[in-house]
Amino acid sequence: RDQMKAEKKFLDDSIGAMAREIMLAKWKIVDHLEEAEDHSHDPLRCNICGYEGERNTFQTMESDCIFNGGHLVRYVCPECGAVFGPSKFSQQTQQQIDDDYQVHYLGFSEGDSSYKEKRAFKMLKPDLKGVYLNYGCGHWSKTLQELRDEGYQVYGYEPYSPDVGNPYMITDKEELKKMRFDGIFSNDLLEHLLDPVSELREMTQILIDEKSKMSHCTSCYTYKYEYTRFHTYFFLGNSVQRMSELAGLQILDQCDDMKENDFYCYVFRPTEKENNLINKMYCNKEAHQEEDGVSFHKGGILFGPYLTLLPRQYALYVAVEGEEVAASVTVYNQMGRQVFVQVPLHKGENWISFSVGQKECEIEFVIENNGADMRVAEIDLT
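Given the structure is predicted, the values throughout are model-derived calculations rather than measurements. (Residues numbered from 1 in each chain as written. Predicted model: local features only at pLDDT ≥ 70, side-chain atom pairs only at ≥ 80, totals over all residues. Heavy atoms only, no water.)

1. Here's the deal with helix α7 (residues 196–205)
When α7 is considered as a whole, its buried residues turn out to be P196, V197, E199, L200, M203 and T204. Looking straight down α7, one finds its buried side chains confined to an arc of 165°; they lie on one side. (Buried < 20%, exposed > 50% of the residue type's maximum accessible area, 1.4 Å probe, protein only. Helix = DSSP H or I, 4+ residues; strand = E, 2+ residues; numbered from the N terminus. Arc of directions from axis to C-beta.)

The structure is reproduced here in structure tokens:
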């Protein structure tokens, strides 16, 4: 066993050394090509506020990457105050960025950030009955297991994690889009995003309702830890407020504990949350999608939207219009394999409760009309 451990350590050390040399060589070449060409008139855009200008019109801030990433040049947005770049990293293709992260994690290890992650989580004021997501958690984090040991339903999203066997780790963004959470939290995430406003909007879509919150902490609300190419945004000036407005969020709370514990966190809530699932569902020929709902003739069926639901108590809301309603709603998993609940619908507001005891995929809501014409104006899940 000792021999096997020694051989594994030698292999890991060798792979790490090769990864570091690959990064060093790559970014030396990139820097050489950057110096050989005139990029002063290249267009730059701040993805916080949308300000655009030629590169030579921006104030610059320079440093060197301690992770073999060469020289770093960043730019100060004159509109919102954000510091963004280096463009040599952010202008790579997504595949090149993914590869850069993968090679980085072979050559360098991250420190334990569980203290700050758990503190950001607690700023959500979590409920043991809720379901929460650690967005960009990293496969090295102990936070998931520690919070689950405390009784919380916490999952992690990390696209670069090799920990595919962990039932609480999500690595596929398309799978993530099918899920719903009572809250999202992160540590040292926002500064890695190439388009923070768009990414925050996407996070809002997987919150379960308008009461759900997000808690994002990072030291990059200040100009700190600028020595890595992977930090593409520093949220100075009024950039946090602009980012919140454009992402459809309001700031609920803030904690600045940088001097003592290197902790800076904002808590956000959606200003408006579109929960209506109708536009993500499908109809047969006797049901017709309209701008503000679905109209049914007799035999009309509405079905979808094929969500992935995690253990929790849920309530399905269905708003029905019609004089004589003869319709039902059924909640299935795996596109019809198992019935969770089936109840008749009546005119007006309908609330259907059901419980999920384990992760269930391809959750389908099926509304069938067996009588006179009717209309469904809204379908929400809370």
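2. Thoughts on the pairing of strand β15 (residues 287–290)
Relative to strand β16 (residues 293–296), β15 is paired through four bridges, and the arrangement is antiparallel. Residue pairing for β16: H288 is matched across the bridge by S295. Counted along the chain from β15 to the antiparallel partner β16, the turn is two residues long. (Pairing = 2+ DSSP bridges.)

3. A look at the sheet that holds strand β5 (residues 83–84)
If you walk across this open sheet you meet the four strands as β3-β4-β5-β11, and the pairing is antiparallel. Of all the strands in the sheet, just β3 (59–64) and β11 (233–234) have a single pairing partner and so form its edges.

4. Considering helix α8 (residues 239–247)
Since the α-helix advances by 3.6 residues per turn, residues separated by three or four positions end up pointing in the same direction. Taken as a whole, α8 has its buried residues at S239, V240, M243, S244 and A247. On an axial view of α8, the arc spanned by its buried residues comes to 135°, and they lie on one face. Its buried side turned inward, α8 meets α7, β11, β12 (249–257) and β13 (263–270). Among the residues trailing α8, G248 stands out with phi positive, at a value near 75°. (Contact = heavy atoms within 4.5 Å.)

5. Comments concerning unusual backbone geometry
Residues G85 and P86 are joined by a peptide bond in cis, for which omega reads 5°. In this fold, P86 is placed in the loop between β5 and α2 (87–90). The backbone of N68 shows a phi angle near 60°, a positive value even though the residue is not glycine. The backbone of D262 shows a phi angle near 55°, a positive value even though the residue is not glycine. Looking at the element boundaries, D262 is found in the loop between α9 (258–261) and β13. For D262, a relative accessible area of 15% translates into the label buried.

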